[in-house]
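Structural characterization, general
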Amino acid sequence: MGKLGLGLAVGCAVASCAIAAVMVGRRVRSRRRWWRVVRAVDEFEEAALTPVGRLKQVVDAMAVEMHAGLASEGGSKLKMLLTFVDSLPDGSESGIYYALHVGGTYFRILRIQLGGQKSILGHDVERKPIPQHLMTRTSEEFFDFIALSLKEFVERTGNNSQYSQVRGKGLGFTFSFPVKQTSLSSGTLIKWTKGFSIDDMVEKDVVECLQRALSRRGLDINVAALVNDSVGTLAVGHFYDKDTVAAVVIGTGTNACYLERADAVIKCQGLLTTSGGMVINMEWGNFWSSHLPRTSYDIDLDADSHNSNDQGFEKMISGLYLGDIVRRVICKMSLVSDIFGPFSSKLATQFALSTPLMAAMHEDDTPDLSEVAKILEETLDIHDVPLKARKLVVKVCDVVTRRAARLAAAGIVGILKKIGRDGTGGITSGRVKGVKSGKMRRTVVAIEGGLYTSYTVFREYLNEAVAEILGEEIAPYVILKEMEDGSGIGAALLAASNSARSVDTVQVL
Ligand code: BGC
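The notes below deal with the structure included here. (Residues numbered from 1 in each chain as written. Predicted model: local features only at pLDDT ≥ 70, side-chain atom pairs only at ≥ 80, totals over all residues. Heavy atoms only, no water.)

Moving on to the packing of helix α9 (residues 322–336) against helix α12 (residues 387–418). The geometry of α9 relative to α12 is characterised by a closest axis approach of 10 Å and an angle of 140° between their N-to-C directions. Between α9 and α12, the interaxial angle falls into the category oblique. Every pair of crossing elements has a handedness; the one defined by α9 and α12 is right-handed. Of α12, the residues touching α9 (which contributes L322, I325, V326, V329, I330 and M333) are L392, V393, V396, C397, V400, R403 and A404. (Axes fitted to C-alpha atoms, helices over the stretch in contact; angles between N-to-C directions. Helix = DSSP H or I, 4+ residues; strand = E, 2+ residues; numbered from the N terminus. Parallel < 35°, antiparallel > 145°, perpendicular 65-115°, else oblique. Left-handed = near helix turned anticlockwise from the far one by under 90°. Contact = heavy atoms within 4.5 Å.)

In this model, helix α15 (residues 486–499) (14 residues) spans 19 Å end to end at C-alpha, consistent with the 20 Å of a helix rising 1.5 Å per residue. Along α15, the residues classified as buried are G486, S487, G488, I489, G490, A491, A492, L493, L494, A495, A496 and S497. (Expected span 1.5 Å × (residues − 1). Buried < 20%, exposed > 50% of the residue type's maximum accessible area, 1.4 Å probe, protein only.)

Take the sheet that holds strand β9 (residues 244–250) next. Taking strand neighbours across the sheet as the criterion, the 6 strands line up as β1-β12-β10-β9-β15-β16 in an open arrangement whose pairing is mixed. Only two strands of the sheet have a single partner each, and these edge strands are β1 (81–82) and β16 (478–482). Set on the sheet, helix α6 (residues 229–240) makes contact with β9, β10 (254–261), β12 (277–281) and β15 (443–448); between it and β9 the angle comes to about 135°. The strands that helix α14 (residues 456–470) touches are β9, β15 and β16; relative to β16, the one it contacts most, it runs at about 165°. (Pairing = 2+ DSSP bridges.)

By volume, the largest pocket is sized at about 1200 Å³. If you trace the largest pocket, you find 40 residues lining it, with G104, T105, Y106, G251 and T252 closest to the centre. Contributing elements (two or more residues each) for the lining of the largest pocket: β3 (106–115), β4 (120–129), α9, α10 (355–362) and α13 (450–454). The leading source of residues in the lining of the largest pocket is α13, at 4 residues. (1 Å grid on protein atoms, 1.4 Å probe; cavity = no way out; pocket = protein on both sides within 12 Å on 5 of 7 lines; lining within 4 Å. Points joined across faces, edges and corners; volume = space filled by probe spheres on them.)

With that settled, consider unusual backbone geometry. With phi around 50°, E283 is a residue other than glycine that occupies positive phi space. Along the chain, the position of E283 falls in the loop between β12 and α7 (296–304). Non-glycine residue L369 carries a positive phi angle of around 50°. Inspection of the secondary structure assignment puts L369 in the loop between α10 and α11 (370–380). When its relative accessible area of 9% is taken as the criterion, L369 is described as buried.

Reading across the sheet, the 5 strands line up as β4-β3-β2-β5-β8 and stay open at both edges, with mixed pairing between neighbours. At either margin of the open sheet sits one strand with a lone partner, and together these are β4 and β8 (222–227). Looking at each pair of strands side by side, their axes are set apart by 20° on average, direction ignored. Sheet topology places β3 next to β4; 9 bridges connect them, and they run antiparallel. By the bridge assignment for β4, Y106 is matched with P129. With respect to the sheet, helix α5 (residues 206–216) is in contact with β2 (94–102), β5 (170–175) and β8, its orientation differing from that of β8 by roughly 145°.

This paragraph deals with the pattern of salt bridges. A side chain of one charge can pair with a side chain of the opposite charge when the charged atoms of the two come close. Per the stated rule, a full pass over the model turns up 25 salt bridges. Among the salt bridges present, the one from D263 reaches R261, with a minimum N-O distance of 2.9 Å. For D263, a relative accessible area of 60% translates into the label exposed. The salt bridge partner of R294 is D302, with a shortest N-O separation of 3.6 Å. Classification of D302 as buried rests on a relative accessible area of 8%. (Salt bridge = Lys/Arg side-chain N within 4 Å of Asp/Glu carboxyl O.)

With that out of the way, let us pick up the side chain of N281. Mapped onto the secondary structure, N281 falls in strand β12. For N281, a relative accessible area of 4% gives the class buried. In this structure the side chain of N281 is engaged in a polar contact, spanning 2.8 Å, whose partner is the side chain of N255. Polar contacts involving the side chain of N281 include one to the main-chain amide nitrogen of E283, which spans 3.1 Å. Aside from chain neighbours lying at most four places away, what touches N281 is M80, L81, T83, N228, S230, N255, A256 and C257. (Polar contact = N/O pair within 3.5 Å; in protein donor to acceptor, adjacent residues only side chain to side chain.)

Okay, α11 next. Listed as buried for α11 are V372, I375, L376, T379 and L380. Relative to the axis of α11, the buried residues are bounded by an arc of 100° and lie together on one face. Here the buried face of α11 lies against α9, α10 and α12. Positive backbone phi, approximately 60°, marks D381, located one or two places after α11. (Arc of directions from axis to C-beta.)

What the rule picks out here adds up to 18 aromatic pairs. Ring geometry for F142 and W192: centres 6.4 Å apart, planes at 85°, overall edge-to-face. Here F142 is found in helix α3 (residues 139–157), whereas its partner W192 is found in the loop between β7 (186–189) and α5, with 50 residues between them in sequence. Overall, F142 belongs to the buried group, its relative accessible area being 0%. The exposure class of W192 is buried, given its relative accessible area of 7%. Ring centres 6.4 Å apart and planes at 55° place the aromatic pair Y321 and F351 in the tilted group. With Y321 in the loop between α8 (312–317) and α9 and F351 in the loop between α9 and α10, this pair connects stretches of sequence that are 30 residues apart. With relative accessibility at 3%, the residue Y321 sits in the buried group. Residue classification places F351 among the partly exposed positions, given a relative accessible area of 37%. Among the aromatic residues, those joined into a ring-pair cluster are F142, F143, F173, F175, F177, W192 and F196. (Phe/Tyr/Trp six-rings, centres within 6.5 Å; stacked < 30°, edge-to-face > 60°.)

What follows deals with the site of the ligand. Around the ligand sit 14 residues, and of these T193, N228, D229, E283 and E314 come closest. At 2.8 Å, a side-chain N or O of K194 approaches an oxygen atom of the ligand. Interatomic distance of 3.0 Å between a side-chain N/O atom of N255 and an oxygen atom of the ligand. The fraction of the free accessible surface of the ligand (310 Å²) that becomes covered by protein chains is 98%. Of the pockets mapped on this structure, the ligand occupies the largest cavity. Partitioning the shell around the ligand into residue classes produces 3 nonpolar, 7 polar and 4 charged. (Near = heavy atom within 4 Å. Areas by Shrake-Rupley, 256 points an atom, 1.4 Å probe, with all protein chains shown as cover. Sits in = over half its atoms within 2 Å of the grid points. Nonpolar A, V, L, I, M, F, W, Y, C, P; charged D, E, K, R; others polar.)

Shown next as structure tokens:
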């Protein structure tokens, strides 16, 4: 080989080495970036862990806070509101009743025909989305929309004779926000949640506002029962099964209520009820405990919300927020690497990923996760995501859903603990007892809301966690029953049982 040949050979070797070095360098950098993404997801998973030991701490904290909320006004972040429902429907109710349900993304109108003997002979429901702009305007515009919708519904579904049956009678009104009730059919709004903020409504009597709108539309119907959706769910649960003692809603927002002894409501000393009991609306969405596994994403979500430092439990559990937590984690993944390509501005948009879409990604069972790819593309403007990254997105959905379901499960067991239905000795004076005692009774918890009724993985995680916390000896006594449309039907049932009464069964002396 001449000098020239040698030079060429050396040159080629140097060039190949350089190319190889560049390629190796690229691969190393890309692998590093991938590991940064994996680490971000692992850190999130670690921070969101809910081992059973931690869940039991949440159970105890819930029971203690319930006690504190009943002991004094403002004694806890749990408001533990009186509902003036002292007895629950027993199946004997009869007649035609209408109910309205305002509270989430949708507004529902119902007409039910009760036939006594636990029978519902007819049941019409209309679901309408609440126009976004009405959620933040004036109470008059909001209630006018509701009254008009009810009027159209009554005209459409009832004939004249049925309309006259309802005239002057009882309407059940499910209003799914924190309300300080002054009787079964009156109460003032404490604050808005779930993205509603009609400022002139706060501290106003909700029933008066509705009643005025109904008369403006010429509707002669009296609101006989103002109920929270959790209370409606409890009512319908009890209508079918008298062992139902508590109810939980896990939809756009979350809440729970349960049947308490009137004498346990220490903050209301003069409370007398014929039954000796009272349903308490816990407003558990506002529950807080240092045992909750809070991550940096939850902190950011709260800071960006219009009600920061409020509804902390709700922000980890309910449908309004879960999709947004996932979006925030994907955003972080996108910032630490280029696996999602150039940064998409949609990723930085609050609530760009809704919980139903998040659930659809989570439940994608196609081998190549094509649904995940489609949603990332169409909703978040992220294209050509490799399969391994799509798998990570599914994992993030799983972490968020699992934590939410398990925390809700701990909340449920907390209620059971408070009323002595968890197989331990319950709590006395705010201190948790740890000894098993007494004989367990069959205990039913009614559950409503899309996350539980329509999101299979969420439901399975929740059921599994309740059984895990209670242990195999106690779990068989606790039955979680799904209630579709329970809150609306329950309000109609309470309107029916209240319309049938001639005397007040609740007195606050
Ligand atoms: C409200 C509750 C309601 C729950 C479920 C929460 O945001 O404060 O009153 O029961 O959502 O709809």
